[in-house]
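# Secondary and tertiary structure notes
Here is how the chains run, residue by residue.
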Amino acid sequence: MAITEVRPEAAPSGSPAIGYQRHPIWEWLTTTDHKKIGIMYLVNSYIFFAVAGLLAMFIRTELAEPGTQFFSEQQYNELFTMHGTTMIFLFVIPILAGFANYIVPLQIGALDMAFPRVNALSFWMLPLAGVILYSGYLVGGTACAGWTEYPPLSEQGCTGPGVSGLGADLWIIALLLVGTSSILGAVNFITTIFNMRAPGMTMFRMPMFCWTVLVTQLLVLLATPVFTSALVLLLIDRNLGGSFFEPAKGGIAVMWQNIFWFYSHPAVYVMVLPGMGIVSEILPVFSRKPLFGYKAFVFATAGIGALGFSVWAHHMFATGTVLLPFFSLMTFLIAVPTGVKFFNWISTMWKGKLTFNTPMLFAVGFLSMFLIGGIDGVFLASPPVDFALHDTYWVIAHLHYVLFGGSVFAVYAGFYYWFPKFSGRKLGEGLGKLHFWLQMIGFNLTFFPMHILGLLGMPRRVQDYLPLHDWTGINQLETVGAYIIAVSTAPFLANVVMTLRRKTRDEENPWDANTLEWATTSPPPPHNFDSLPEIHSERPLFDLHHADELAVHADATTTSTTGAH
Amino acid sequence: MRRWQEEATGSRVRGVALALGGTLLLAGCAGGSFTGATEQAKPVHHLYMILFVVATVIFVLVEGLILWAALRYRRRDDALPPQFHGNNLLEFGWTLGPLIIVAVLFALSFQVISKVDAEASDPAVTVNVTGFQWQWEFTYAGEKVQVEKGQPPQDLSVKGTTAKPPQVYLPVGETIHFNEQSKDVIHSLYIPEFLFKRDLIPGHTNSFQITISKPGVYHGQCAQFCGLAHSQMHFYIHAVSRPEYDAWLTDQKKKLASGCPEDTTPGQIAAKNTAFDKDCLAEPANKPFTLTFNNQDAGVPHNVEIYTDKTASKRLGGATGPADLITGPASTTYRVPALPSGRYYFHCDVHPESMTGTLVVK
Amino acid sequence: MAASDTALRDHAPGQRPGGISSSLLGMVLFIASEVMFFGGLFGAYFTIRAAATTWPPQGSPELNTGYSAVATAVLVTSSVFMQLAVWAIRRGDQKWLARWLGVTLLFGLTFLAMQGNDYYNLATHEGFRLSSGVYGSLFYTLTGFHGAHVFGGAAFMSIVLLRARNGQFTARYHDTVEMASYYWHFVDVVWIGLFSTFFLLK
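It should be emphasised that the depicted structure is a prediction, and the values quoted were computed from it without experimental measurement. (Residues numbered from 1 in each chain as written. Chains lettered and ligands numbered in written order. Predicted model: local features only at pLDDT ≥ 70, side-chain atom pairs only at ≥ 80, totals over all residues. Heavy atoms only, no water.)

### Section: the packing of aromatic side chains
The final tally for this structure, using the stated rule, is 100 aromatic pairs over all chains. Measuring from ring centre to ring centre gives 5.7 Å for F262 of chain A and F309 of chain A, while their planes differ by 50°; the resulting arrangement is tilted. Residue F262 of chain A is located in helix α8 (residues 253–287), and its partner F309 of chain A is located in the loop between α9 (294–307) and α10 (324–333); the two are separated by 47 residues in the primary sequence. For F262 of chain A, a relative accessible area of 21% puts it in the partly exposed group. Ring centres of F276 of chain B and F293 of chain B lie 6.2 Å apart, and the angle between their planes is 75°; this geometry places the pair in the edge-to-face category. Taken together, the residues F276 of chain B in strand β12 (residues 275–276) and F293 of chain B in strand β14 (residues 289–295) connect sequence positions 17 residues apart. The ring of W28 of chain A has K36 of chain A lying over it, and the distance from NZ or CZ to the ring centre is 5.7 Å. When the ring centre of W96 of chain C is taken as origin, the NZ or CZ atom of R99 of chain C, which lies over that ring, is 4.8 Å away. (Phe/Tyr/Trp six-rings, centres within 6.5 Å; stacked < 30°, edge-to-face > 60°. Helix = DSSP H or I, 4+ residues; strand = E, 2+ residues; numbered from the N terminus. Buried < 20%, exposed > 50% of the residue type's maximum accessible area, 1.4 Å probe, protein only. Lys NZ or Arg CZ within 6 Å of the ring centre and 35° of its normal.)

Here is the structure:
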């Protein structure tokens, strides 16, 4: 059986040599090419990351001392509300969708997504949603009841009954847009993955990143509409005289929390599973071994997705209205498939030959930090311990360890890993390592002490705190850490700018990676592939380039049915 | 790889592990500073320590493996390593192991839930807590006080302000039942040293019981974001011996019955930051009295004028009218004629919305 | 490779041998998301109903079950016509495709008119509005969103009808008609759920 060598010819600049040239701005505004749309997702999301990060800097600056120094109470409440909302809906969820957009069609050997025009629509709804969300600042104030906007508070505004501006309504409309964008994206991704894989690529030969995207998008498809229904009910209560959440008129205040968390808990897996997929791509490449336990990974991911629908009320233990044992049990259980993944990742590295280029640093950093976030979450799975820790800084520590230490580290890992695919050039290693270590230090300094603050009883969403129990000293340490995180983005941005301006290019598969996106030019031509290698495993390029060495090792591999042959 | 290289790698790993472990232990010690001041909190603290030990062991093990792999398996040549795809036995093992661990942790949690949520049928004290934006009211069910003649006796109520949060006295070692209600939005009663919080939800009554095991003063505050002054909703629980508690109850009832529990300095009132320092004045009936007013607001005019009621239509005493003001810092003394027993109203004519109070004459 | 090549060539883009076409899969997935949306709304209804002491609450109007049963019949019949349209084009009958689509659309619009009329009566004669407590909120929100989906379906169907009359569909290529039928049946099933919940179960 002949093995097809892949040597696609590309125009020197990587831009299309076919078709008519359009003005670049018009091209980008109207493109339906998943690669360009992917880039726009990444750029748009990173901008919102910076905005929400700035809000975080304001929060931490205010919290450095007890009392109120820089912001009024209303402004502060808007700050943490906008920080959370922006990070979740305008940064983490879309940036992972952006990676998926660029990479998934390439990894499955397709020429675009199943519905390219819907893809473009999904993207453009996002900057619009962002503008609508932030326009609150122009109309007297944004939403201010936390990113969770619990009624009755969110129905009446934070300054007291009867004084609610447009902020919360703009918040609702913005999130309705984001939700629609996500749901359309889910339809697109799922159809693409099911229907457009190249010949030979069975489901169990798909790259793990594609599997995590598939499970994520199933979660998006089924959970986001429930959030839509909650938003709609809140909008009706606020503007059309509805009474879904008003006890005085027959509504139930806590019902919002149930509907909201039914979505928002699966949403946290939406925010982390693709990141885990990225790590699952990087570890094998930089360990020069296949992903250990591919099938176990698939089942663990699917298990997390399914279980994720059954735990929502663990956010509500302190309400006194939920069935504690059921939700506690399901929450404890979700630790098991996550553990399986950890052991499989470590086994991927085990007895490998590791190099620590920046993508690998961030991937291993993800493992270390997400481990902490996962472990401190287990404390919260126990209702009596949750009674003490709920709505305190322990929760803030937990969520930032999984979302920053987890998702953000994974996002940077993916960015450093795939940057050469997007641009034909690797980002500089020196600046990359500086970025990584500064961020590691800053991140841990900011968020690890929050565990202690939570244990010492400091509640969340407070601008002012009593100078009790060493809270002040710990807060100051955390503020310093936050400033270090801010500083750490400088080498990253400088790296990107400098690299893009560099004339010299790197080879098209600089990492000697395994999956199909590396089987074409960097960046790929509009149609993605001139030809594809044969696909017999989840590492088609590896099989192609290392056939001889693999033959030598054939006896050394452990026989198991978890291999994908 | 040379042996010295292996040894160096090994000791590096050990050093890192020690540093991390040490930090964690320290964190654990600092974090364990609240061992729980109620009978219900003791098993919670115990459970926390078990979770902490398990968490530390798992963290050290897994992080250790990560760091070990990262350091031990660095690439030193270009040959491919053995291409292991997986191992079913391992998968089974590291699924079953964690499953057993979480099952045990769940079982322990379940036991502790029963203890924390248990409600005895005969609590010694029942406190009805009402939360509202942005204060608390603690009402002692069954402790009746005659506040006003002609009105039925009401339960003793402890309230507070932002500057002077409610001071709630409770007996040590006895079962205390709390009923929670909210007047507006969702609040949460959180007492860190009791390792406990429970939400106050409008339209729904939550209840729980505690038995405080150690005397002391315990700080609490709202832990469910409730708007502008959420971070100012504090309260303090004073856990005292039963005799002290009874004495406090009697004292509170007397003060409330006097109609003016906060007026510890009769005949005086001050203004600062455009607020009176008390919202209640107590004076004897049918006797003229003097009222010394100390305006501490530099450059700001205030006065104190007494009316029959909130409509401020009929003057009874104090300042002679809106033109009779003093600008701080300054003091003046008003002579007030004898008044029959009853409840009257006073305010500052310059700030009639924010500077108001009740004059209780008995 | 040769065999799979030919097999692939034989299908329109977006189709795999033996699989569901992308357009149809896309519509199925979209309908799944809509099911979850209505699921959230139904969840709200049953939560509030379960917690209430009397249901419907005191002062709620008596809903006109007979009238709504007729509306239900209209909508269900329209689904039958929709399916007849699909069967027509599967055998290549463009003429009857357009006719059955037209009848479906007519019945769909009739349903909407009947709903609108019901709303009008309830609002003016019984004073029953969205702001009439939680029962009003639930009734108008659930049936209102359903109506909006019928309207969307009718709009989609109008476009399909125009394209059908232009001869754009054949026995081989009529995925859009199938998509429209899936959506229309979904809208019908949701109404059966709503009717059962509000008018039969109460």
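### Re the sheet that holds strand β8 (residues 206–211) of chain B
All names here are of chain B. Across the sheet, which stays open at both edges, the five strands sit in the order β3-β2-β1-β5-β8 with mixed pairing between neighbours. One side of each edge strand has no neighbouring strand; the edge strands of this open sheet are β3 (154–158) and β8. The mean inter-strand angle of the sheet, taken between neighbouring strand axes irrespective of direction, is 30°. As paired elements, strand β1 (residues 125–132) and strand β5 (residues 175–182) share seven bridges and run parallel to each other. Within the sheet, the bridge partner assigned to G131 lies in β5 and is S182. (Pairing = 2+ DSSP bridges. Axes fitted to C-alpha atoms, helices over the stretch in contact; angles between N-to-C directions.)

### What to know about the side chain of S488 of chain A
As for its placement among the helices and strands, S488 of chain A is situated in helix α17 (residues 471–501). Contacts of S488 of chain A, omitting those with residues within four sequence positions, involve H435, L438 and Q439 of chain A. (Contact = heavy atoms within 4.5 Å.)

### Regarding the interface of chain C and chain A
With 29 residues of chain C at the contact, the number on the chain A side is 32 residues. Across the chain C/chain A interface, buried area totals approximately 2500 Å², and carbon plus sulfur atoms make up 76% of it. If you look at where chain C meets chain A, you find six residue pairs in polar contact (both at pLDDT 80 or more). For the side of chain C that touches chain A, the secondary structure elements donating two or more residues are α2 (22–51) and α5 (133–165) of chain C. Top element by residues in the side of chain C that touches chain A is α2 of chain C. It accounts for 16 residues. (Buried area = accessible area lost by both parts, 1.4 Å probe. Polar contact = N/O pair within 3.5 Å; in protein donor to acceptor, adjacent residues only side chain to side chain.)

### Focus: the interface of chain B and chain A
Each partner contributes residues to the interface: chain B has 83 residues there, and chain A has 107 residues. Overall, the association of chain B and chain A removes approximately 8100 Å² of surface from exposure, summing both partners, and the carbon and sulfur fraction of that is 69%. Applying the counting rule to chain B against chain A returns one salt bridge. When the shortest N-O distance is used, the salt bridge between K353 of chain A and D77 of chain B registers 2.6 Å. (Salt bridge = Lys/Arg side-chain N within 4 Å of Asp/Glu carboxyl O.)

### What about the domain arrangement of chain B?
By a widespread convention, an interface's size corresponds to the accessible area lost as its parts come together. Each domain of chain B was delimited in the assignment, giving domain 1 (2–77 + 84–117), domain 2 (125–258) and domain 3 (268–361). A straight line from the C-alpha centre of domain 2 of chain B to that of domain 3 of chain B covers 31 Å. (Domains from an automatic or database assignment.)

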